[in-house]
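The primary structure of each chain is shown beneath.
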Amino acid sequence: MSRLKLVAELVGHEDRAWQVSWDATGTRLASCSSDKSARIWAPIAQSQFFACDSAEQTAMEVDIDNSNRDGNISTSESWQCLETIDNAHKRTVRSVAFEPTQGRVLATASFDGTTAIWEKGPEDETYDCVATLEGHENEAKSVAWSVSGQLLATCGRDKSVWIWESNGEGDFDCISVLMEHTQDVKKVLWHPSEELLVSFSYDNTIRVWKDEDDDWYSAATLTGHTSTVWGGAFSHNGKYLASVSDDRTVRVWTWGITPDESSDANAGLYYRPGISYECVATVPDSVHTRAIYSVSWGMPLIKDTTPSNDSGNRDDLGYLATGCGDNTLRVFKVTTNGPLDVALVCSQENAHGLSDINCVEWNPKYPGWLATCGDDGVVRIWHLE
């Protein structure tokens, strides 16, 4: 039976923590908070921390209790806060994301309606603001980079999705504003290997966006959730998408380009290929007892702790982790030897005390390592065994 081991607690935020984001190397972690700040964390031993022996030595067999904690001191001796970006925005910093190709650039999205781009200096850990992207009428809810790092997507309470193109040197152009959602857009997510964008909304739908001759359009609308869709995550091979919702379900979708049934009919000037989609698995609402706010899809576990992008049995699709309003952290094993199967393998009650779990994020390079954050303002590092 699998289990989650608490390995480190990172304390420093003075209000609820909303999101965590690993850099491309898996050795740095960014977090953001209602305290208007973003923080950059890293294990003191760097990549050696993720060796199994290190995990055994630093494991914290403790009760999770934040009532008597000094908010300025990390309770983990194995991690350090490299940088605190104070007063990054005028209001809550709701989302944070490392640029995937360099690890030196960070984006933060805020309830003040702006998205800031930060770049780390070559000599130290200081992050300087090199660009501020404006356009959302009010709260910006999510920010995400494409796999190439050339495109940035943001979304907000104004029901819009914005796509920005990086021209280098902190220069960004808005290349598309997408307004098809009818309510708040909660999260944006890029495909792990293609320039395909997905958005999740308060209108209970998921939209898939494609680019055709520099014109972004809605190629598919995924329906099935009966309440707000809070977010989603792609499998490491990009073939599946998991989504989570206020309806307490997890849905797993797969899709492909819609085939041309009639080449003559599809040859028109305004023809745009759509995307066919199908829900192939559902975790029922009996498993989670409140809204599910976050999901992350991690790689399969391997015996060798060397970083890997694609390993393990081809029928093994890795692990889904969910963060929920019932204060429980859950991990599901996903396999596809026949019909796709999503099976609960372990859970951790009160993973952030009596606080909601706002974000879960598997390490992109080191299988089995998971970061979480919650309304208690604490970031926690877990190891799946």
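Keep in mind that what you see is a predicted model, and the values were worked out from it rather than measured. (Residues numbered from 1 in each chain as written. Predicted model: local features only at pLDDT ≥ 70, side-chain atom pairs only at ≥ 80, totals over all residues. Heavy atoms only, no water.)

Colleague: Just give me the short version of the environment of H13, but keep the residues and values in it.
Modeller: With respect to the helices and strands, the residue H13 is situated in the loop between β1 (4–10) and β2 (17–22). The exposure class assigned to H13 is buried, which follows from its relative accessible area of 6%. If sequence neighbours within four positions are ignored, H13 has contacts with S31, C32, S33, D35, S37, A38, R39 and G377. Only 2.7 Å separates the side chain of H13 from the side chain of S31, close enough to count as a polar contact. At 3.2 Å, the side chain of H13 and the side chain of D35 are in polar contact. (Helix = DSSP H or I, 4+ residues; strand = E, 2+ residues; numbered from the N terminus. Buried < 20%, exposed > 50% of the residue type's maximum accessible area, 1.4 Å probe, protein only. Contact = heavy atoms within 4.5 Å. Polar contact = N/O pair within 3.5 Å; in protein donor to acceptor, adjacent residues only side chain to side chain.)

Colleague: Got a sec to walk through the environment of D35? Specific residues and values, please.
Modeller: With respect to the element layout, D35 can be found in the loop between β3 (29–33) and β4 (38–43). Along the sequence, D35 and T92 sit 57 residues apart, while their C-alpha atoms lie 6.3 Å from each other. Those residues in contact with D35, other than ones at most four positions away along the chain, are H13, E14 and D15.

Colleague: Talk me through the side chain of T154; I want residue IDs and the actual numbers.
Modeller: Turning to its location among the elements, T154 is positioned in strand β11 (residues 151–156). A relative accessible area of 0% places T154 in the buried class. Within polar-contact distance, the side chain of T154 engages the side chain of H136 at 2.9 Å. If we skip the residues at most four places from it in the chain, T154 touches T115, H136, S142, V143, S160, V161, W162, W164 and V188.

Colleague: If you had to explain the confidence of the model for the chain to someone new, which residues and values would you point to?
Modeller: In this model, the chain carries an average pLDDT of 89, and 86% of its residues clear a pLDDT of 70 or more. Considering only residues more than four positions removed or in separate chains, one finds that residues 259–269, a stretch of pLDDT under 50, has four contacts. Counting contacts from residues 303–312, a segment whose pLDDT is below 50, to residues more than four positions away or on other chains yields 16 contacts. (pLDDT = per-residue confidence, 0-100.)

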